[in-house]
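Topology and contacts: notes
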Amino acid sequence: MKKILYTIYLIFFSLVASAQVDKIETDRPGETNTPTPAARKWINIETGLIRQTQTIGPEKDFYFQHPSLLIKYGIVNRFELRLITELTSIKQGSINGYSTITGIYNVQLGGKFNFLKEKGLRPKTSLIAHYNFRRLRTLYKDSIDGANFRFAMLHTLSKTISVGYNIGMNWNRFGSSPAYIYTFSPRFNISEKWFAYIEVFGCFKRPRKYNPENNIGAGFAYYINDNFKIDASAGFGLNKNAPDNFYSIGTSFRFKTGK
């Protein structure tokens, strides 16, 4: 019992006390991942609820992530381990009405490595890569896994304005054509507590018969303290292949695991 109480105390203290490191930087809200890894020996937990609507032919489908979960652990100052998972419900329309299916939609394991610091015109740059265990999904289970990677970059223009952008590739299943992904996001530190952004993002495939997907979104975050923040975001698709709209709310926090 003493060990349990001591562990709870450490977690609570790390959430409410000021840390000797910069305030938490997260990959949410939005699709533009930060190039900053989790601090060494810190665990970051980023979770949220997402609702997305998409029209496919004459029917409209609804996607709910409840929740999405990203767990990051800082191994060294420039490298973090990452685990992504999502519990998802899909409400599909048909001529017979709507039906809903629920299950684990995503299980990915990977890492983030920061290999360039920001200097002059050179952005801070990290490589983020994941192995996608599609065989572990319970929603649309598959026997063929996939993988993805992206380069996350950040330019600091001033104390209040920065620009983040990502480029990468995603193999939904090994052997399939990859999707080329992009994001571009101006970011604004409104105050010590408030952060806001706007963003365009999407993907496209080769050959050209695959329609591209382009989206626009915006959101904000509020830092309760250096280790805990909440966020909200929304957006919509810019072409037929993209979602009609999407909304998200979430929270991110961290705690230290050692000296």
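Residues numbered from 1 in each chain as written. Predicted model: local features only at pLDDT ≥ 70, side-chain atom pairs only at ≥ 80, totals over all residues. Heavy atoms only, no water.

Digging into the overall build of the chain
Along the backbone of the chain there are one helix and 12 strands. Scanning the chain from its N terminus toward the C terminus, one meets helices and strands in the order α-β-β-β-β-β-β-β-β-β-β-β-β. Within the chain, the fraction of its 259 residues that count as buried is 42%. For the chain, contacts bridging at least 24 residues in sequence account for 51% of all contacts bridging at least 6. Of the roughly 14,500 Å² of accessible surface on the chain, 64% is carried by carbon and sulfur atoms. (Helix = DSSP H or I, 4+ residues; strand = E, 2+ residues; numbered from the N terminus. Buried < 20%, exposed > 50% of the residue type's maximum accessible area, 1.4 Å probe, protein only. Contact = heavy atoms within 4.5 Å. Areas by Shrake-Rupley, 256 points an atom, 1.4 Å probe, with all protein chains shown as cover.)

A short note on a positive patch on the surface
Together, Arg78, Lys117, Lys119 and Arg122 line one region of the surface with positive charge. Mapped onto the elements, Arg78 comes out in the loop between β2 (59–76) and β3 (79–94). (Patch = residues over 30% accessible without salt bridge, like charges linked within 9 Å, V, L, I, M, F, W, Y side chains within 5 Å. Salt bridge = Lys/Arg side-chain N within 4 Å of Asp/Glu carboxyl O. Lys, Arg positive; Asp, Glu negative; His and termini not counted. Charge placed at Lys NZ, Arg CZ, Asp CG, Glu CD.)

As for the side chain of Asn33
Along the chain, Asn33 falls in the loop between α1 (2–16) and β1 (42–56). Overall, the relative accessible area of 11% leaves Asn33 in the buried class. If we skip the residues at most four places from it in the chain, Asn33 touches Asp27, Arg82, Ile128, Arg150, Ala152 and Asn166.

Concerning the pattern of salt bridges
Under the criterion given, the structure shown has 10 salt bridges. A salt bridge links Lys72 to Asp27, with the shortest nitrogen-to-oxygen separation between them at 3.4 Å. Taken together, the residues span a long stretch of sequence, with Lys72 in strand β2 and Asp27 in the loop between α1 and β1 at a distance of 45 residues. Of the two residues examined, Lys72 and Asp27, each falls in the buried class.

Considering the pairing of strand β7 (residues 161–171)
Here strand β6 (residues 146–156) runs beside β7; their pairing, made up of 10 bridges, is antiparallel. Along β7, the bridge assignment pairs His155 with Val163. In textbook terms, the turn of a hairpin is the stretch between consecutive antiparallel strands, and for β6 and β7 this stretch comprises four residues. (Pairing = 2+ DSSP bridges.)

A closer look at the pairing of strand β5 (residues 124–132)
Here strand β4 (residues 97–116) pairs with β5 via eight bridges, running antiparallel. When the sheet's bridge partners are listed, Leu109 is paired in β5 with Tyr131. Summarising the sheet, β5 and β6 pair through nine bridges and their orientation is antiparallel. By the bridge assignment, Thr125 is partnered in β6 with Met153.

A word on the confidence of the model for the chain
On average, residues of the chain carry a pLDDT of 90, and 90% of them reach 70 or more. With pLDDT under 50 throughout, residues 4–19 is counted as low confidence; its partners more than four residues away or in other chains account for 15 contacts. (pLDDT = per-residue confidence, 0-100.)

Here we look at the sheet that holds β6
If you walk around this closed barrel you meet the 12 strands as β1-β2-β3-β4-β5-β6-β7-β8-β9-β10-β11-β12, and the pairing is antiparallel. The mean angle between the axes of side-by-side strands here comes to 20°, regardless of whether they run parallel or antiparallel. As defined by bridge partners, β1 adjoins β2 across 13 bridges and the pair is classed as antiparallel. Counterpart to Gln54 in the pairing with β2 is Asp61. (Axes fitted to C-alpha atoms, helices over the stretch in contact; angles between N-to-C directions.)

Side note on the packing of aromatic side chains
Within this structure, the stated rule accounts for 13 aromatic pairs. Aromatic side chains Tyr180 and Phe204 sit 5.4 Å apart centroid to centroid with 20° between the ring planes, which places their arrangement in the stacked category. Within this pair, whereas Tyr180 is found in strand β8 (residues 179–189), its partner Phe204 is found in strand β9 (residues 194–205), the two being separated by 24 residues in sequence. In this structure Tyr180 comes out as partly exposed when scored by relative accessible area, which is 29%. (Phe/Tyr/Trp six-rings, centres within 6.5 Å; stacked < 30°, edge-to-face > 60°.)

Overview of unusual backbone geometry
For the bond from Arg28 to Pro29, the omega torsion is 0°, close enough to zero to count as cis. Assignment of secondary structure puts Pro29 in the loop between α1 and β1. The omega angle of the peptide bond from His66 to Pro67 is 5°, so this bond is cis rather than trans. The residue Pro67 is located in strand β2 in this model. Residues other than glycine seldom take positive phi values, yet Tyr140 does so here, at roughly 60°. Here Tyr140 lies in the loop between β5 and β6.

Here's the deal with the nonpolar core
Residues Ile24, Phe195, Tyr197, Ala221 and Tyr223 constitute the largest nonpolar core, which totals five residues. Those elements that place two or more of their residues in this core are β9 and β10 (213–225). In this structure Tyr197 touches Pro29, Gly30, Ser185, Pro186, Arg187, Phe188, Gly217, Ala218, Gly219, Phe220 and Ser233, once residues within four positions along its chain are discounted. (Core = buried A, V, L, I, M, F, W, Y, C linked by side-chain atoms within 4.5 Å.)

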